[in-house]
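Examining the three-dimensional arrangement
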Amino acid sequence: QKEVEQDPGPLSVPEGAIVSLNCTYSNSAFQYFMWYRQYSRKGPELLMYTYSSGNKEDGRFTAQVDKSSKYISLFIRDSQPSDSATYLCAMSAGGDKIIFGKGTRLHILP
Amino acid sequence: KAGVTQTPRYLIKTRGQQVTLSCSPISGHRSVSWYQQTPGQGLQFLFEYFSETQRNKGNFPGRFSGRQFSNSRSEMNVSTLELGDSALYLCASSLAGDGRENSPLHFGNGTRLTVT
């Protein structure tokens, strides 16, 4: 079983829809959770960084962590064509290397 | 504040050659990590440097090596290139090692290496 599982997509949704992106993990020691966005020919860009279970909101983005289920989500409200990118989840146990999911390709259709 | 800078952006090499990639971290960041990104494997951790010392290492062969200089700039080297080394090589910096061990990574735009 891989440490971090993420559906590669592609996921296509109409503009304005709510997008839900998810990752599952197997290592119960993971405590720090991140979401990155990567546009074509660019490096990953940090979107959200959370430590505890629960929700964290930043503008149109909400990160959700459920440690009991080993499941994290990123919600994008009022999705825009500019949100079309690959979204990578990442996590670490603290003081150790950060493990990434393989990324989900998202297409927002105008 | 300038972001992470990687040079060159693109490289084409032939099998058996060696290559050196360069990374300048965000000012004030002393931890530098290197990742290999391929469509099949995603982001794979290569190594991390802090204060000119390798702190962590991934599961890559010894052909992959790196170093860090006193100004925190880092280089990675791949010797005896193989076709499978074709990938996007990403450098990331963070505040880890300066009392903020769980600081997130900030990435550069990578070096696209093609081995023919």
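Report on the accompanying structure. These numbers were taken from a predicted model, which means no experiment stands behind them. (Residues numbered from 1 in each chain as written. Chains lettered and ligands numbered in written order. Predicted model: local features only at pLDDT ≥ 70, side-chain atom pairs only at ≥ 80, totals over all residues. Heavy atoms only, no water.)

Along its length, chain B carries zero helices and 11 strands. Traced from its N-terminal end to its C-terminal end, chain B shows the element sequence β-β-β-β-β-β-β-β-β-β-β. Taken against the 2.2 N^0.38 rule, which gives 13 Å for 116 residues, the C-alpha radius of gyration of chain B at 13 Å falls within 12% of a compact globule. Its C-alpha atoms give chain B principal-axis dimensions of about 40 × 25 × 25 Å. Here chain B, with 116 residues, has 50% of them falling under the buried criterion. Residue pairs at least 24 apart in sequence account for 56% of intrachain contacts in chain B once pairs closer than 6 positions are excluded. A total accessible area of about 5400 Å² is found for chain B, and carbon and sulfur atoms account for 46% of it. (Helix = DSSP H or I, 4+ residues; strand = E, 2+ residues; numbered from the N terminus. Rg over C-alpha atoms; globule rule 2.2 N^0.38 Å. Buried < 20%, exposed > 50% of the residue type's maximum accessible area, 1.4 Å probe, protein only. Contact = heavy atoms within 4.5 Å. Areas by Shrake-Rupley, 256 points an atom, 1.4 Å probe, with all protein chains shown as cover.)

Attention now goes to the interface of chain B and chain A. The partner chain A presents 18 residues to the 21 residues of chain B that form the contact. For the pair chain B and chain A, the two sides together bury roughly 1600 Å², of which 54% comes from carbon and sulfur. Summed over the shared surface of chain B and chain A, the number is zero salt bridges. Across the chain B-chain A interface, the total number found is six residue pairs in polar contact (both at pLDDT 80 or more). Only β4 (31-38), β5 (42-50), β9 (87-94) and β10 (106-107) of chain B provide two or more residues apiece to the side of chain B that touches chain A. If one sorts the elements of the side of chain B that touches chain A by residue count, β5 of chain B sits on top with three residues. (Buried area = accessible area lost by both parts, 1.4 Å probe. Salt bridge = Lys/Arg side-chain N within 4 Å of Asp/Glu carboxyl O. Polar contact = N/O pair within 3.5 Å; in protein donor to acceptor, adjacent residues only side chain to side chain.)

All names here are of chain B. The four strands are arranged β1-β3-β8-β7 in an open sheet whose pairing can be described as antiparallel. On the outer flanks of this sheet lie β1 (5-7) and β7 (64-68), each paired with one strand and no other. In this sheet, adjacent strand axes meet at a mean angle of 20° when their direction is disregarded. (Pairing = 2+ DSSP bridges. Axes fitted to C-alpha atoms, helices over the stretch in contact; angles between N-to-C directions.)

Once that is clear, we can look at the packing of aromatic side chains. Taken as a whole, this structure holds 12 aromatic pairs over all chains when the rule is applied. These aromatic residues form a ring-pair network of at least three members: Y36 and F100 of chain A together with Y35, F45 and F107 of chain B. A cation sits over an aromatic face here: K67 of chain A above Y51 of chain A, 5.0 Å from the ring centre. (Phe/Tyr/Trp six-rings, centres within 6.5 Å; stacked < 30°, edge-to-face > 60°. Lys NZ or Arg CZ within 6 Å of the ring centre and 35° of its normal.)

All names here are of chain B. Structurally, the position occupied by S93 is in strand β9. In this structure S93 comes out as buried when scored by relative accessible area, which is 0%. Looking at S93, its side chain comes within polar contact range of the main-chain nitrogen of I26, at 3.3 Å. There is a polar contact of 2.8 Å between the side chain of S93 and the side chain of H29. In this structure, S93 is in contact with V4, P25, I26, H29, S31, V32, P104, L105 and H106, ignoring residues within four places of it in sequence.

Residue and element names in this part refer to chain B. With eight of nine residues buried, β5 is to be regarded as a mostly interior element. Sheet analysis places β4 next to β5, joined by eight bridges and oriented antiparallel. Within β5, the position partnered with V32 by the bridge is Y49. Following β4, the chain reverses through three residues before pairing antiparallel with β5. As paired strands, β5 and strand β6 (residues 53-57) are joined by four bridges and run antiparallel to one another. Within β6, the residue paired with F50 across the bridge is T53. In sequence, β5 turns back onto β6 through a hairpin of two residues, with S51 there showing a positive phi of about 50°.

Looking now at the nonpolar core. Core analysis: the largest hydrophobic core is formed by 24 residues, its most contacted members being W35, I72, L74, Y87 and M91 of chain A. Mapped onto this core, the elements with two or more residues apiece are β3 (19-25), β4 (32-38), β5 (45-50), β7 (61-66), β8 (71-76), β9 (85-92) and β11 (104-109) of chain A. With near-sequence residues (within four places) excluded, I72 of chain A lies in contact with L21, N22, C23, Y25, F33, W35, Q64, V65, C89 and M91 of chain A. V4, L11, W34 and C91 of chain B belong to the second largest nonpolar core, which has 21 residues in total. (Core = buried A, V, L, I, M, F, W, Y, C linked by side-chain atoms within 4.5 Å.)

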